[in-house]
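Architecture and fold: a report
Here is what each chain is made of, one letter per residue.
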Amino acid sequence: MRAVLLSSFPFFPRVAMTFLDLPALGRAAGCVRLPGSKSISNRMLLLAALAEGVTEIRDLLDSDDTRVMIAALQKVGAGVTACGMNSVRVTGCGGVFPVKQGELFLGNAGTAFRPLTAVLALCGGYYRLSGVPRMHERPIGDLVDGLRQIGADVRYSGNQGFPPLDIFPATLNLATPIRVRGDVSSQFLTALLMALPLTGEAATIEVTTELISKPYIEITLNLMARFGVTVRREGWQHFAIAAGQRYRSPGLVHIEGDASGASYFLAAGAIGGGPVRVEGVGRGSIQGDVRFVEALTAMGAQIEMGDNFIEARAPASGKLKAFDLDLNHIPDAAMTLAVMALFADGCCTLRNIASWRVKETDRIAAMATELRKFGATVEEGADYLGVTPPAVSLAPTFSDNATIDTLATIDTYDDHRMAMCFSLAALGGMPVRINDPGCVAKTFPEYFMAFEQIVAPVIAIDGPSASGKGTVAQRVAAALGFHFLDSGALYRLTALAATRAGVALDDEAAVAAALPAEFPGERILLAGDDVTEAIRAEAIGVGASKVAALPAVRTALLERQRTYRRLPGLVADGRDMASVVFPEAPVKVFLTASAAARAERRYKQLIEKGMPANMPTLLQDLRERDARDAARSVAPLKQAEGAELVDTTPLGIEESVAAVMDIVRRKLPRQEWQGLVT
Ligand code: DC
């Protein structure tokens, strides 16, 4: 079964798709660069808009929720302009917003609705704030009560205690502490903390109940401090903001990768073998959800953490352990654990998660309903979930008689996290249909593409020039119905682009700058020109071997090559497919032949094409190119660890294809090639 792919290129409108089918998946391994954190992105945008000066925000998340925030800020007078990929420049207002009236539609973005309510209530203007129907079911009464205590004029235009809201100018009085509940949403406290410095007066907040989701308050305080405002905190009950503080732009800021988003990939690594590495968060993260790794560790997963990465692999025992955990500090990442429970060795209990009930959907009810579709027994409480995995436990390695035709259809309730969580269930050996997959655009528009890049099986075929690997790889891809990457074509295209640009092929920076923007597809284009044949010229092959030795070129092409990894699988041919680009590939082949045999094949090819050919010259060129490819310092041509050698010197094409297919059948779980082979 093929996945329907989601088209979600940044800055393009969300594509409405009814469903996406994920096939039964065998394993997960690879590397994912995370998009920016939603919580940090939206806080940073708001603080930058309120600050004095210009802030450049890099690695900003591009998603529904951040677009909603940007549009709202622009409407009330902050300057927000794009300045490069995932970067914006925000010209702050130096205090309250200058536009004194407006209607703001804030979708289902709690991280925009709550803080903007508080900020606008202190701006002295007339504003109406509304959202999607679900937003109007999410409580906001505690925040409004808090604001009314200091004299703010905030009124409900629909149901009492819920959006939409009307805000009017008011005279404020901060003499007495604001008392606010902390047990429904920590965003109410975040909203007050971010807004109160705008008054310039001293303010205190007392949290009257147990505060939930404390790590999110830590993010708020941390980011406020970066914009020059400090808050004195006593425990989690008392917060004091000294008079006379103003937000000042720190200039350039970077957004960390999204730690909640990281949880799906780390979970996939723990379930599907791994290692799966996420880049963009690590040991120094300010996001509470990095503590998801503690839960993974409790389940027996093996974790490695660096300053800017986290890596997860399956437990050494091969089986994930059941857990009983208080997850109040990681409410979002905790959802991932609910789906991981399907793979555990016993009943798992998720405690202290009442806030799930007022999120994008009632997540406790939604999770219970969907987990039952996999045969789990689920006990649902007001603030907890008990999940007993199905009697025949799901497992990422399949038995020969696994029922690959059974399809579990998952409803996602317009909740991005439901969609992302349940992609993991496909690792249980059963295809999964995700309804309304586009809902991931709320925080992670490219989620399914990233997911494919850790779960799609890869067959890596490396070998020297003219070993026949290109033809063999293409035939194997066609037989399996897999995608095909001819990585040499990328280097050839680079050499041709540099040559046409008049760049010396040893000028590293200039060659890297000449890299074409287009990705080779069926036909290979360079600035609109079809160069499919032109890149096959001998001279371009020699040039490709030269530019391939330049580290800047290899680095620039690395990510591009990885994007070819799509479901149902990829056959990739080159020199470093198994060693560098897809080191996690389950099937690795080193396809070679003697230099004499390869020169003879090339000679025949050229003669057949009516092109001039000279055997001694061809042999010498091949040997020189082999030497250059093998001797370079970065990603030299070599038989990678775990790669099986196929010497095609005595073999014809059909025999070579058969030899590789034998390896595929041995190395890939049955479901990954069974039924696909034509
Ligand atoms: O496979 P090919 O002849 O099309 O490759 C052209 C050149 O590109 C080759 O000399 C080495 C280089 N190359 C590489 O360095 N790494 C790859 N993965 C693929 C090709």
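Please read these numbers as outputs of a predicted model, since none were measured by experiment.

As a further point, take the nonpolar core. Formed by 82 residues in total, the largest nonpolar core has its most connected members in Phe265, Met367, Leu385 and Phe422. Examining the composition of this core, we find that nine residues originate from one element, helix H7 (residues 259-271), more than from any other. Ignoring sequence-local partners within four residues, the contact set of Leu385 consists of Ala338, Cys348, Thr349, Leu350, Ile353, Trp356, Ile364, Met367, Ala368, Val378, Glu379 and Glu380. Judged by nonpolar contacts, the second largest core, of 78 residues, contains Leu73, Phe113, Ile178 and Phe188.

For the chain, the average pLDDT comes to 91, and 94% of its residues sit at 70 or higher. Per-residue pLDDT stays below 50 along residues 1-14; that stretch engages in 42 contacts with residues further than four places along the chain or on separate chains. Ignoring residues within four places in sequence, the model shows residues 397-404, a span with pLDDT below 50, making 13 contacts including any to other chains.

Across the sheet, four strands lie side by side as E18-E19-E21-E20; this open sheet has mixed pairing. Among the strands making up the open sheet, the edge pair consists of strand E18 (324-326) and strand E20 (377-380). Recorded for the sheet is a direction-independent mean angle of 10° between the axes of neighbouring strands. Against the sheet, helix H10 (residues 363-372) engages E20 and strand E21 (385-388), with an angle of about 165° to E20.

With the rule as written, the count across this model stands at eight aromatic pairs. Measuring from ring centre to ring centre gives 5.5 Å for Phe265 and Tyr447, while their planes differ by 40°; the resulting arrangement is tilted. Of this pair, Phe265 sits in helix H7 while Tyr447 sits in helix H12 (residues 447-455), and the two are 182 residues apart along the sequence. A ring pair is formed by Tyr447 and Phe448, whose centres lie 5.1 Å apart and whose planes are at 75°; its orientation type is edge-to-face. The exposure classification of Tyr447 matches that of Phe448, with both residues buried.

This part takes up the packing of H10 against helix H11 (residues 416-423). The interhelical angle for the contact between H10 and H11, taken along N-to-C directions, is 30°, at an axis separation of 11 Å. Compared by their axis directions, H10 and H11 come out roughly parallel. Note on packing geometry: the crossing formed by H10 with H11 is right-handed. Here Arg363, Ala366, Met367, Glu370 and Leu371 of H10 lie close against H11, whose contacting residues are His416, Arg417, Met418, Cys421 and Phe422. Tallied by class, residues from the contact of H10 with H11 come to six nonpolar, one polar and three charged.

Turning to the site of the ligand, a few remarks are in order. Within the structure, the ligand sits among 17 residues, and Ser487, Arg492, Arg575, Asp576 and Arg632 are positioned closest to it. Measuring from an oxygen atom of the ligand, one finds a side-chain N or O atom of Arg554 at 2.9 Å. Asp629 has a polar side-chain atom sitting 3.2 Å from an oxygen atom of the ligand. When residues of the shell around the ligand are traced back to their parent elements, those giving at least two are helix H14 (487-500), helix H16 (538-547) and helix H20 (615-631). In terms of residue class, the shell around the ligand is built from four nonpolar, five polar and eight charged.

Pairing analysis gives four bridges linking strand E4 (residues 79-82) to strand E5 (residues 88-91), with the strands arranged antiparallel. Pairing of Thr81 across the sheet is with Arg89, part of E5. Once E4 ends, the chain turns through five residues before running back antiparallel as E5, passing Gly84 with a positive phi of about 100°.

Here the focus is the pattern of salt bridges. For the coordinates displayed, the defined rule picks out 50 salt bridges. Glu279 is paired through a salt bridge with Arg33; the nearest N and O atoms lie 3.7 Å apart. Of this pair, Glu279 sits in strand E15 (residues 273-279) while Arg33 is found in strand E2 (residues 28-33), placing the two residues 246 residues apart along the sequence. One salt bridge in this structure joins Asp362 and Arg357, with 2.9 Å as the shortest N-O distance. Arg357 gets classed as partly exposed once you look at its relative accessible area, which sits at 24%. Residues participating in the shared-partner salt-bridge network are Lys38, Asp65, Asp332, Lys359, Glu360, Arg363, Asp415, Arg417 and Lys442.

As a further point, take empty space enclosed by the protein. According to the stated counting rule, one finds four cavities of 30 Å³ or more in the structure shown. Volume-wise, the largest cavity comes out at about 270 Å³. In terms of lining, the largest cavity is formed by 24 residues, of which the most central are Lys38, Arg138, Gln187, Asp332 and Lys359. A breakdown of the residues in the lining of the largest cavity according to their chemical character gives five nonpolar, nine polar and ten charged. When its volume is computed, the second largest cavity comes out at roughly 60 Å³. Taken together, Ser37, Lys38, Ser39, Tyr216, Ile219, Asp258, Ser260, Gln287, Gly288, Asp289, Asp332 and Arg417 make up the full set of residues lining the second largest cavity. Sorting the residues of the lining of the second largest cavity by element identifies helix H1 (38-50) and helix H6 (214-226) as the ones contributing at least two each.

A few words on the environment of Leu223. With respect to the helices and strands, Leu223 occurs in helix H6. Each C-alpha atom of the pair Leu223 and Ile40 lies 8.0 Å from the other, and the pair is 183 residues apart in sequence. When residues no more than four places from it in sequence are discounted, the contact partners of Leu223 are Ile40, Arg43, Met44, Leu47 and Ile286.

Once that is clear, we can look at H16. Inspection of H16 places Ile540, Gly541, Gly543, Ala544, Ser545 and Val547 among the buried residues, and these make up the whole buried set. Among the structural elements, H14, helix H15 (508-513), helix H17 (551-562) and H20 are those in contact with the buried residues of H16.

Rules of the game
- Residues numbered from 1 in each chain as written.
- Predicted model: local features only at pLDDT ≥ 70, side-chain atom pairs only at ≥ 80, totals over all residues.
- Heavy atoms only, no water.
- Core = buried A, V, L, I, M, F, W, Y, C linked by side-chain atoms within 4.5 Å.
- Buried < 20%, exposed > 50% of the residue type's maximum accessible area, 1.4 Å probe, protein only.
- Helix = DSSP H or I, 4+ residues; strand = E, 2+ residues; numbered from the N terminus.
- Contact = heavy atoms within 4.5 Å.
- pLDDT = per-residue confidence, 0-100.
- Pairing = 2+ DSSP bridges.
- Axes fitted to C-alpha atoms, helices over the stretch in contact; angles between N-to-C directions.
- Phe/Tyr/Trp six-rings, centres within 6.5 Å; stacked < 30°, edge-to-face > 60°.
- Parallel < 35°, antiparallel > 145°, perpendicular 65-115°, else oblique.
- Left-handed = near helix turned anticlockwise from the far one by under 90°.
- Nonpolar A, V, L, I, M, F, W, Y, C, P; charged D, E, K, R; others polar.
- Near = heavy atom within 4 Å.
- Polar contact = N/O pair within 3.5 Å; in protein donor to acceptor, adjacent residues only side chain to side chain.
- Salt bridge = Lys/Arg side-chain N within 4 Å of Asp/Glu carboxyl O.
- 1 Å grid on protein atoms, 1.4 Å probe; cavity = no way out; pocket = protein on both sides within 12 Å on 5 of 7 lines; lining within 4 Å.
- Points joined across faces, edges and corners; volume = space filled by probe spheres on them.

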